[in-house]
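Here are the chains, one letter per residue:
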Amino acid sequence: MDVQETIKNQVTANPVVLYMKGSPKFPQCGFSGMAVQILQACGVKDLVSVDVLADPAIRDGIKHYANWPTIPQLYIKGEFVGGADIMRDLYEKGDLQKMLAEIGV
Amino acid sequence: MLRAEDVKIYIAQGLSCDYLEVNGDDGQHFEAIVVSKDFIGKNIVQQHQMVYKALGERMKDEIHALSMKTYTPDSWSKK
């Protein structure tokens, strides 16, 4: 399967998907770690994450998928939400909590 | 080593900015405040994409991370 198709399947099959470096328990980058902490603070349990360090094709493909050159990347209901800065802004405004509540996460 | 001043020049070359500030001294991680009229009518994802676009290929290898806050002249003046 084409990598863009694989990513599309991943982000549509799960309500919340975080592309990150490392795992939620062992993030390999401070920005990915912050993204996990924000989602946990929003009450997201069983976070679906994809470790881009484990798959070079995904690591490269995800940058094209949303035309976004950096990791982490958050997707809600298949839509690209943003990277670490945007996640923090949305969280501080209470918008991220609302977006997650709307989809029942 | 890439300096914050270089990143500032790269952004300014690709995007017309009313105000631009870039900080960071480790050569890889930078923080930017970008104010541009071109952000008017764009959402935050699009605004950040415009800054990334100005940096182009440099985002792939030279710059590990760019933390940024983007503002339109209007939202900047109300800050």
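These lines cover the structure that appears in this document, whether it is placed above or below. (Residues numbered from 1 in each chain as written. Chains lettered and ligands numbered in written order. Predicted model: local features only at pLDDT ≥ 70, side-chain atom pairs only at ≥ 80, totals over all residues. Heavy atoms only, no water.)

1. Concerning the packing of helix 1 (residues 4–14) of chain B against helix 2 (residues 44–55) of chain B
For any two helices packed against each other, one specifies the inter-axial angle together with the distance between the axes. All names here are of chain B. As a packed pair, helix 1 and helix 2 sit with axes 8 Å apart at the nearest point and diverge in direction by 110°. Judged by the inter-axis angle, helix 1 sits roughly perpendicular to helix 2. Contacts between helix 1 and helix 2 involve V7, Y10, I11 and G14 from the first element and V51, A54 and L55 from the second. (Axes fitted to C-alpha atoms, helices over the stretch in contact; angles between N-to-C directions. Helix = DSSP H or I, 4+ residues; strand = E, 2+ residues; numbered from the N terminus. Parallel < 35°, antiparallel > 145°, perpendicular 65-115°, else oblique. Contact = heavy atoms within 4.5 Å.)

2. Some thoughts on helix 2 of chain B
The end-to-end C-alpha separation of helix 2 of chain B is 17 Å, in line with the 16 Å expected for twelve residues at 1.5 Å each. Every buried residue belonging to helix 2 of chain B is among B:V45, B:Q47, B:H48, B:Q49, B:V51, B:Y52, B:A54 and B:L55, and all of these are buried. Elements that come into contact with the buried residues of helix 2 of chain B comprise strand 4 (79–82) and helix 4 (84–93) of chain A together with helix 1, strand 2 (29–35) and strand 3 (65–71) of chain B. The opening residue of helix 2 of chain B, the one whose side-chain oxygen lies 3.1 Å from the backbone nitrogen of B:V45, is B:N43. With its phi angle positive at about 55°, B:G56 sits one or two positions after the end of helix 2 of chain B. (Expected span 1.5 Å × (residues − 1). Buried < 20%, exposed > 50% of the residue type's maximum accessible area, 1.4 Å probe, protein only. Polar contact = N/O pair within 3.5 Å; in protein donor to acceptor, adjacent residues only side chain to side chain.)

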